[in-house]
Each structure stands twice: as C-alpha cells, then as structure tokens.
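# Structural overview
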Amino acid sequence: MILNNYSSDTKKSIQTSHCDQDSIRVSVLSEALPYIQKFSGRRIVIKYGGAAMKNEKLKEAVFRDIALLSTVGAHPIIIHGGGPEINQWLSKLKINSQFRDGLRVTDSATMDIVEMVLVGRVNKQIVNGINKLGASSVGLCGIDGRLIEARPLGDGSHGLVGEVARVNPEVIEPLIDKGYIPVISSVASSEVGTNYNINADTVAGEIAAAIGAEKLILLTDTPGILEKENDSNTLIQQIRLSEARKLIENEIVKGGMMPKTKCCIRALAQGVSAAHIIDGRISHALLLELFTDKGIGTMIIGRG
Ligand code: ARG
C-alpha cells in the first residue's frame with residue numbers, strides 16, 4: 001500500500017492496524033493446529049440442510065469447509081435432506097400432497113419425486129460441488145449396500161416416512177478409509193423393499209453412532225441451544241450429555257430443537273464423543289466451530 005499521501009499519524013495507525021490484522025490472522029491460523037492434529041484420521045458426520053443448502057454462497061462455503069477438512073486428514077461424512085427442491089418439483093409437476101397435523105403425507109407419487117430429487121439431483125450437486133474443489137466424494141443413499149434399513153415411522157399415518165431400523169456401515173467403511181467423502185441422502189428401503197424418506201438428522205445420528213464417529217454436527221437455521229427461546233444472547237456454548245437431558249426434562253429445549261437435541265443425545269449415548277448444533281446461516285460455520293477454541297454453536301460432550 002502507498003502511504004505517502006497520508007499524514008504521519010495516519011501512516012502509523014495504518015501500519016499498526018496492519019500489524020494487528022496480521023497478528024489476528026496468525027493467531028486464528030495457529031489456533032487451528034491442535035484441532036487439525038486431533039481430528040486427523042477421525043470421522044466427522046455432518047448433517048447438511050437448511051439455509052446452507054438454499055443460498056449459493058453458503059453452499060460454496062460448506063463445500064470448501066468439507067474439502068478443507070478432508071485435505072487436513074479428517075474424514076467428513078455428509079448426510080443431507082432435500083432442501084427446497086422437493087417442494088419446487090412437486091409444484092412444478094402439480095403433485096398435490098395431503099397434509100396431516102401440518103406434516104406432508106408421503107404417498108407413492110410424492111415418494112417418486114422425493115427419490116428423484118434427493119438421490120438424483122441434490123446428492124449429485126453436493127458430490128459435484130465438493131469434487132470441484134479437489135476433494136473426492138461419492139454419492140449414495142440408504143439403499144446402497146443396505147446402508148440403512150428402514151421401517152415405517154410410528155403408526156404409518158404419514159405414508160412413506162420411515163425411521164432407521166438398522167445401519168450396515170460396511171459399504172462406506174472402505175470409502176472412508178481410502179479418503180473418499182461419502183455423501184448420503186436419507187432415502188432407505190425396508191426389508192420388503194419399500195422405499196421410505198427418513199429425517200436426515202436421525203440418519204446422521206445413527207450413522208455417526210454406527211461408524212464410531214468423533215463428532216456429529218447438525219447444520220441448522222438457529223444459533224444452537226438457547227436458554228431463552230429466540231434470544232441468541234442466551235446461547236449455551238457447551239454442556240454435558242446429562243445436562244442436555246435435563247434441558248429436555250425441564251422443557252428449556254422445546255419445539256424444533258427438541259428432536260435435534262434428542263438425536264444428539266442418542267448419538268452420544270452410543271459413543272460419539274461430541275455433538276454440535278451450529279448455525280448454517282453463518283458462512284464457514286463448520287470451520288468456525290471445528291478450528292477455534294470457542295466455536296460458534298452448542299457443543300454437547302459425551303462421556304468419553
Ligand atoms: N473446536 C473445538 C471442537 O470442535 C471446540 C469447539 C467449541 N464449541 C462450542 N460450541 N463450545 O472440539
């Protein structure tokens with residue numbers, strides 16, 4: 001930068017602020033070292049969804065973070081839902097689904113679109129987005145290698161909405177070990193070959209448990225678990241598994257955060273070391289959570 005046009009005081013302050021900026025950049029990069037070391041060779045299951053799936057800039061940032069994680073030796077595994085595309089295609093093709101208690105009843109015409117969009121388009125867009133950045137990802141859904149066995153959810157009144165009956169991780173183990181990033185869409189088949197759409201958070205939690213992941217990370221559209229609903233100043237940064245259970249009992253965690261927290265608790269109870277609920281609306285949320293001391297969301301720590 002040419003400083004000649006500035007007064008000597010301004011010159012000084014520009015130079016100092018440059019120094020400050022550099023020292024901030026250095027400390028940020030340096031803060032990452034223990035985490036890069038810790039996560040090398042470890043499995044990190046990331047549920048990708050929400051705003052981070054809708055906005056092009058955020059998408060690109062997520063793909064970059066995933067590519068970076070893989071490049072520094074961690075093993076990211078991505079689980080995704082459908083994002084806005086399923087609804088777009090349902091209305092494009094004029095398929096009117098029924099709703100029960102505010103939830104879509106997935107009939108077979110709807111399920112056809114869910115499969116096409118999720119497994120065909122959304123999955124391949126993610127795979128392509130990551131691969132373009134020089135990492136190598138492979139797209140699958142729960143049906144491949146019987147990765148996820150499904151059964152109907154509850155009494156089956158929501159049609160082809162399923163839950164996880166069993167995870168058979170054998171098909172992704174060699175991929176992970178060879179440095180590929182599995183990208184998994186949350187469609188799975190039952191014993192008798194009926195296909196179901198399963199909540200992607202649940203799939204992520206069950207896969208994390210089945211492959212002995214170090215971490216489960218849920219990218220959401222909230223800052224994390226809040227002590228007071230809607231007040232982001234009351235973000236709970238770190239809690240233990242037992243405390244998370246209490247938050248549910250005491251109804252501090254409610255609404256949409258309840259199933260997410262329960263899903264983290266299930267994964268932690270099955271041996272995952274930490275589960276994170278973070279804000280996917282923030283660009284590079286994954287890097288900020290994983291490679292800084294403070295993180296940006298809620299980290300729930302397991303027993304280990
Ligand atoms: N980067 C560290 C990790 O991923 C610490 C993250 C802390 N995050 C938090 N929400 N308190 O293990």
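The text that follows walks through the structure, step by step, so that each part is easy to find. Since we're looking at a predicted model, the values are computed, not measured.

## Looking at the packing of helix 4 (residues 56-71) against helix 6 (residues 108-131)
Two quantities define a packed helix pair, namely the angle between the helix axes and the distance between the axes. Relative orientation of the contacting elements helix 4 and helix 6 amounts to 60°, with a least axis distance of 9 Å. Taken as axis vectors, helix 4 and helix 6 run oblique relative to one another. Where helix 4 crosses over helix 6, the two elements pack in a sense that is right-handed. Contacts from K59, F63 and I66 in helix 4 reach Q125, I126, G129 and I130 in helix 6.

## A closer look at helix 6
With 24 residues, helix 6 ought to run about 34 Å at 1.5 Å a step, and its terminal C-alpha atoms sit 33 Å apart, in line with that. Remark: the principal bend of helix 6, roughly 30°, maps to L118. Every buried residue belonging to helix 6 is among T110, M111, I113, V114, V117, L118, V122, N123, I126, V127, G129 and I130, and all of these are buried.

## As for the site of the ligand
Close contacts around the ligand come from 15 residues, with K215, E289, L290, T292 and G297 the closest. T292 places a polar main-chain atom, nitrogen or oxygen, 2.7 Å from a nitrogen atom of the ligand. Within the complex, 95% of the 350 Å² of free accessible area of the ligand lies under protein. Secondary structure elements with two or more residues in the shell around the ligand: helix 2 (33-39), helix 11 (285-290) and strand 14 (298-301). Its residues assigned to classes, the shell around the ligand shows four nonpolar, seven polar and four charged.

## Some points on the pairing of strand 13 (residues 274-279)
Burial analysis of strand 13 places six of its six residues in the buried class, the great majority of the element. Both faces of strand 13 are covered, namely the face carrying A274, H276 and I278 and the face carrying A275, I277 and D279. With six bridges joining them, strand 11 (residues 215-220) and strand 13 adopt parallel strand pairing. Each residue of the ladder has a partner; that of T220, found in strand 13, is D279. In this structure, strand 13 lies alongside strand 14, joined through four bridges in antiparallel fashion. Looking across to strand 14, one finds that I277 is bridged to T298.

Here is what the cut-offs are and how they apply
Residues numbered from 1 in each chain as written. Predicted model: local features only at pLDDT ≥ 70, side-chain atom pairs only at ≥ 80, totals over all residues. Heavy atoms only, no water. Axes fitted to C-alpha atoms, helices over the stretch in contact; angles between N-to-C directions. Helix = DSSP H or I, 4+ residues; strand = E, 2+ residues; numbered from the N terminus. Parallel < 35°, antiparallel > 145°, perpendicular 65-115°, else oblique. Left-handed = near helix turned anticlockwise from the far one by under 90°. Contact = heavy atoms within 4.5 Å. Expected span 1.5 Å × (residues − 1). Bend = angle between axes of the 7 residues up to and from the residue. Buried < 20%, exposed > 50% of the residue type's maximum accessible area, 1.4 Å probe, protein only. Near = heavy atom within 4 Å. Polar contact = N/O pair within 3.5 Å; in protein donor to acceptor, adjacent residues only side chain to side chain. Areas by Shrake-Rupley, 256 points an atom, 1.4 Å probe, with all protein chains shown as cover. Nonpolar A, V, L, I, M, F, W, Y, C, P; charged D, E, K, R; others polar. Pairing = 2+ DSSP bridges.

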